[in-house]
Amino acid sequence: MTGELNAQAAPSEQGYEGALRPATLEEFVGQTKVRSQLSLLLNAATLQQRTPDHILLAGPPGLGKTTLSMIVAAELDKPLHQTSGPAIQHAGDLAAVLSALTPGEVLFIDEIHRMARSAEEMLYLAMEDFKVDIMVGKGAGATSVPLELSPFTLVGATTRSGLLPNPLRDRFGFTAHLEFYAEDELASVVRRAAGLLGFALSEQGIDEIAGRSRGTPRIANRLLRRVRDYSLVHGTPGDTSSVRAALALYDVDEHGLDRLDREVLRAIVERFGGGPVGLSTLAVSVGEEAETIEAVVEPFLVRTGLVTRTPRGRIATRLGWDHVGLTPPA
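What you see is a predicted model, and the numbers here were worked out from it, not measured in a lab.

Undergrad: Quick question: what am I supposed to make of the packing of aromatic side chains here?
TA: Remark: the centre distance and the inter-plane angle together describe each pair of aromatic rings, the angle taken between the planes. Counted by the stated rule, this structure contains 1 aromatic pair. Between Phe-130 and Phe-152, the ring centres sit 5.5 Å apart and the planes meet at 75°, which makes this aromatic pair edge-to-face. A residue pair is termed long-range when its members are at least 10 positions apart, and Phe-130 in the loop between helix H6 (117-129) and strand E4 (131-136) and Phe-152 in the loop between strand E5 (143-148) and strand E6 (153-158) qualify at 22 residues. Since its relative accessible area comes to 1%, Phe-152 is described here as buried. Positioned above the aromatic ring of Phe-300, the side-chain terminus of Arg-214 is 3.9 Å from the ring centre. The lysine or arginine in question, Arg-303, covers the ring of Phe-180, its NZ or CZ lying 3.6 Å from the ring centre.

Here you go:
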């Protein structure tokens, strides 16, 4: 059994992430409304033989923003140039990227809200008129030289759309808001990925992984890989018991909470009587940075109804008390 799994798994390890990415909108699972909107936008641009409007993809990490940008380029049959907001810290950095684009090329900027302000201001003119002004010289002798750009489509991705300035946000012709996945959609993601990896996984095992993936395809694929590794090493089939044993080994419980999630929840319940407790106090009690608690742990606990946020601090709900096996006070 182990040898058979190894023989099947070896080829798929090359380009693991790339192999699991869907290449077309039809292959992309979930986000039905966004896919329909994108399909209409791209088909209309193709029929009119023009460059599509700029696209903004907003939503939590792991929902497929990078994959959708690749699909946009593939559907248009145009090359894709990828960069990120933190990499563009000066207007000159953006000018170098824009001037190298070919006609119709798709430019993908991940975490676009983290671009430097000077680069954002240059991007305004580039998105509207496909040109930028380059300053030559310094002081009183400085002059502005206009640089014409090839028509391009900008695809921006952000996990915090509220940090985008309004002038930049308004220049996108289409804004897609990606939502967390339902369990049946995640089951389809896991089923497809398992097939591509040549890993025989039972339907119950698929549902088990989907239910612990926190509504995020990236997490579902990561858990699938851990389960596949467990089956490979221990020579077990991909059934429910094997899935549960693998996820228990990696501290992922039946609701998708990991070790840090449970520590935070248990700290609120046991050490602070269910709350309210402030963020800094909570972070010190579990030995983590406050930014980690606020950005990584808290959103999922709040979304699943285990914790609520109040002006006085974080409070565990009745579901949170039940999850740690305790009864809330009357």
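Undergrad: Could you clarify how one ought to interpret the sheet that holds strand E3 (residues 106-110) in this entry?
TA: Two modes of strand pairing occur in sheets, parallel and antiparallel, and in both the strands are linked by backbone hydrogen bonds. Spatially, E2-E3-E6-E1-E7 is the arrangement adopted by the 5 strands of the open sheet, whose pairing is parallel. Looking at the sheet topology across the chains shown, the edges are occupied by strand E2 (80-84) and strand E7 (174-177). Taking each pair of neighbouring strands and ignoring which way they run, the sheet shows an average axis angle of 15°. Alignment of strand E1 (residues 55-58) against E6, held across 4 bridges, turns out to be parallel. Residue pairing for E6: Ile-55 is matched across the bridge by Val-155. Those strands touched by helix H3 (residues 32-47) are E1 and E7, and its axis lies near 160° from that of E7.

Undergrad: Is there a simple way to explain the packing of H3 against helix H4 (residues 65-76) in this structure?
TA: Each packed pair of helices is defined by two parameters, the angle between the axes and the distance between the axes. Put simply, H3 and H4 touch, their axes get as near as 10 Å, and they point 30° apart. Judged by the angle between their axes, H3 and H4 are roughly parallel. In the crossing of H3 with H4, the sense of the turn from one axis to the other is right-handed. Residues Val-34, Leu-38, Leu-42 and Thr-46 of H3 form the contact with H4, whose participating residues are Leu-68, Val-72, Glu-75 and Leu-76.

Undergrad: Teacher, can you tell me more about the pairing of E3 here?
TA: Of all 5 residues that make up E3, 4 are buried, and the element is covered over most of its length. Summarising the sheet, E2 and E3 pair through 5 bridges and their orientation is parallel. From the neighbouring strand, His-81 faces E3, where its bridge partner is Leu-107. Sheet topology note: the E3/E6 ladder contains 4 bridges and is parallel. Directly across from Ile-109, in E6, lies its bridge partner Gly-156.

Undergrad: Would you take a moment to explain the pattern of salt bridges for this structure?
TA: Per the stated rule, a full pass over the model turns up 16 salt bridges. A salt bridge links Asp-229 to Arg-226, with the nearest nitrogen and oxygen atoms 2.7 Å apart. Remark: Arg-226 and Asp-229 occur in helix H10 (residues 217-234); sequence separation between them is 3 residues, near one turn of the helix. Linking Arg-228 and Asp-229 is a salt bridge whose minimum nitrogen-to-oxygen distance equals 3.4 Å. Exposure remark for Asp-229: the relative accessible area of 23% places this residue in the partly exposed category. Through salt bridges with shared partners, one network takes in Glu-208, Arg-212 and Arg-244.

Undergrad: Explain the environment of Thr-67 to me, please; I cannot follow it from the model alone.
TA: Relative to the helices and strands, Thr-67 is located in helix H4. Considered as a pair, Thr-67 and Thr-24 are 43 residues apart in the sequence and their alpha carbons are 9.4 Å apart. The residues contacting Thr-67, other than those within four sequence positions of it, are Arg-21, Pro-22 and Phe-28.

Undergrad: Got a minute to help me understand the packing of helix H12 (residues 259-271) against helix H14 (residues 290-303) in this structure?
TA: In the contact formed by H12 and H14, the axes pass within 10 Å of each other and the chain directions differ by 85°. Taken together, the axes of H12 and H14 lie roughly perpendicular to each other. Residues Leu-260, Asp-261 and Val-264 of H12 form the contact with H14, whose participating residues are Thr-292, Ile-293, Val-297 and Leu-301. Each residue belonging to the contact of H12 with H14 can be placed in one class, and the counts come to 5 nonpolar, 1 polar and 1 charged.

Reading guide: rules and limits
- Residues numbered from 1 in each chain as written.
- Predicted model: local features only at pLDDT ≥ 70, side-chain atom pairs only at ≥ 80, totals over all residues.
- Heavy atoms only, no water.
- Phe/Tyr/Trp six-rings, centres within 6.5 Å; stacked < 30°, edge-to-face > 60°.
- Helix = DSSP H or I, 4+ residues; strand = E, 2+ residues; numbered from the N terminus.
- Buried < 20%, exposed > 50% of the residue type's maximum accessible area, 1.4 Å probe, protein only.
- Lys NZ or Arg CZ within 6 Å of the ring centre and 35° of its normal.
- Pairing = 2+ DSSP bridges.
- Axes fitted to C-alpha atoms, helices over the stretch in contact; angles between N-to-C directions.
- Contact = heavy atoms within 4.5 Å.
- Parallel < 35°, antiparallel > 145°, perpendicular 65-115°, else oblique.
- Left-handed = near helix turned anticlockwise from the far one by under 90°.
- Salt bridge = Lys/Arg side-chain N within 4 Å of Asp/Glu carboxyl O.
- Nonpolar A, V, L, I, M, F, W, Y, C, P; charged D, E, K, R; others polar.

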